[in-house]
Amino acid sequence: MAGEAVHFKGADGQLLAARLDAPEGLVKAYALFAHCFSCGKDVFAAARIAQGLTRHGIAVLRFDFTGIGASEGEFANTNFSSNLSDLVAAADFLRSEYAAPQLLVGHSLGGAAVLAAASSMPEVKAVATVAAPSDPHHVTGMFREHIDAITTHGVAHVQLAGRPFTIKRQFLEDVAEQRLEQKIRDLGRALLVMHSPSDDTVAVANAEQIFQAARHPKSFVSLDDADHLLRRRQDAVYIADVIAAWASRYLDLGRAEP
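Now for a description of the structure that goes with this document. None of the values given here were measured: they were computed from a predicted structure. (Residues numbered from 1 in each chain as written. Predicted model: local features only at pLDDT ≥ 70, side-chain atom pairs only at ≥ 80, totals over all residues. Heavy atoms only, no water.)

1. Concerning the environment of Tyr-98
Mapped onto the secondary structure, Tyr-98 falls in the loop between helix H2 (80-97) and strand S5 (103-107). Note: C-alpha distance between Tyr-98 and Gln-209 (111 residues apart in sequence) is 35 Å. (Helix = DSSP H or I, 4+ residues; strand = E, 2+ residues; numbered from the N terminus.)

See the structure below:
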């Protein structure tokens, strides 16, 4: 796998840090990866799934959302809607510099994001979600003990995965306004839902809700005993292999020229 550090401007003009993982040989198609809430482009799940997809000739752009990792901006000023805008900006970057993404892959809240953003990317033919919530509001459960303080005072400082983050009231208001079920129903692309029945962060019932809301063609793959963050390498490798095999039925796997 060959990797390249790249940058592009997000929806609000901040410079977003990204990595383009490409196969050693022919690039058959481009994919866009959305990471989990408060994670980043270099989290194990993102890096390993991207690496796995390159072995099948699929180049993958993964990036840090505004305010995350090496990207500019303040996390406190972001929300689910701004994440969607960043995804569209990432697709625009791929389209202008390489080739438009045909495949979207999202992990956890990133899965909800790719479901919501797909309609803004006309070239996308297939969407794969991994451990995704059926409603973006689910993410507030990660800091439920602070919700009253955020609502009352407008802001609170929380710990997520051992790191400090600032959450503002506008974030709660934004996720409450999302209507993902209708987005899923109107997706108009092939959908692959992957989830572990033992996921104790996002329950597998979320996968069932996504699957039921979607129209065909749709597929579900159980990840058995995988944990939510896919810490075991073999889980991420399996996910990449399944996505690549499934997507080959829907993608135009010719030479993806810039």
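So much for the structure itself; the text now carries on.
2. Side note on the packing of H2 against helix H3 (residues 109-117)
Running from N to C, H2 and H3 cross one another at 65 degrees; their axes reach a closest spacing of 9 Å. Judged by the inter-axis angle, H2 sits roughly perpendicular to H3. Viewed along their axes, H2 and H3 form a crossing whose handedness is right-handed. Touching Phe-80, Leu-84 and Leu-87 of H2 are Leu-109, Ala-112, Ala-113, Val-114, Ala-116 and Ala-117, all from H3. For the contact of H2 with H3, the per-class residue count stands at nine nonpolar, no polar and no charged. (Axes fitted to C-alpha atoms, helices over the stretch in contact; angles between N-to-C directions. Parallel < 35°, antiparallel > 145°, perpendicular 65-115°, else oblique. Left-handed = near helix turned anticlockwise from the far one by under 90°. Contact = heavy atoms within 4.5 Å. Nonpolar A, V, L, I, M, F, W, Y, C, P; charged D, E, K, R; others polar.)

3. A look at the pairing of strand S8 (residues 163-168)
Judged from the six bridges that link them, strand S7 (residues 155-160) and S8 form a sheet pairing that is antiparallel. Bridge assignment links Val-155 to a residue of S8, and that residue is Lys-168. Here S7 folds back onto S8, and the loop between the two strands holds two residues, one of which, Ala-161, carries a positive phi near 55 degrees. (Pairing = 2+ DSSP bridges.)

4. A short note on unusual backbone geometry
Note the cis peptide between His-216 and Pro-217, where omega equals 5 degrees. Within the fold, Pro-217 resides in the loop between helix H7 (205-213) and strand S10 (218-222). Non-glycine residue Ala-131 carries a positive phi angle of around 55 degrees. We note that Asp-224 has phi near 50 degrees; this positive angle belongs to a residue other than glycine. As for its position among the elements, Asp-224 is in the loop between S10 and helix H8 (233-247).

5. Looking at the nonpolar core
Judged by nonpolar contacts, the single largest core of 60 residues is most densely connected at Leu-61 and Leu-87. The element that contributes the greatest number of residues to this core is H2, accounting for eight residues. Of all hydrophobic cores here, the second largest spans 32 residues; its members include Ala-126, Ala-128, Ile-239 and Ala-247. (Core = buried A, V, L, I, M, F, W, Y, C linked by side-chain atoms within 4.5 Å. Buried < 20%, exposed > 50% of the residue type's maximum accessible area, 1.4 Å probe, protein only.)

6. Some thoughts on the packing of aromatic side chains
Counting across every chain of the model gives 10 aromatic pairs. With a centroid separation of 5.3 Å and an interplanar angle of 20 degrees, the aromatic rings of Phe-8 and Phe-93 are classed as stacked. Residue Phe-8 is located in strand S1 (residues 2-9), and its partner Phe-93 is located in helix H2; the two are separated by 85 residues in the primary sequence. There is no split in this pair, since Phe-8 and Phe-93 are both buried. Chaining the aromatic ring pairs together yields one cluster made of Phe-8, Tyr-30, Phe-63, Phe-65, Phe-93 and Tyr-98. Looking at Lys-218, its charged tip hangs above the ring of Phe-211, at a distance of 4.5 Å from the centre. (Phe/Tyr/Trp six-rings, centres within 6.5 Å; stacked < 30°, edge-to-face > 60°. Lys NZ or Arg CZ within 6 Å of the ring centre and 35° of its normal.)

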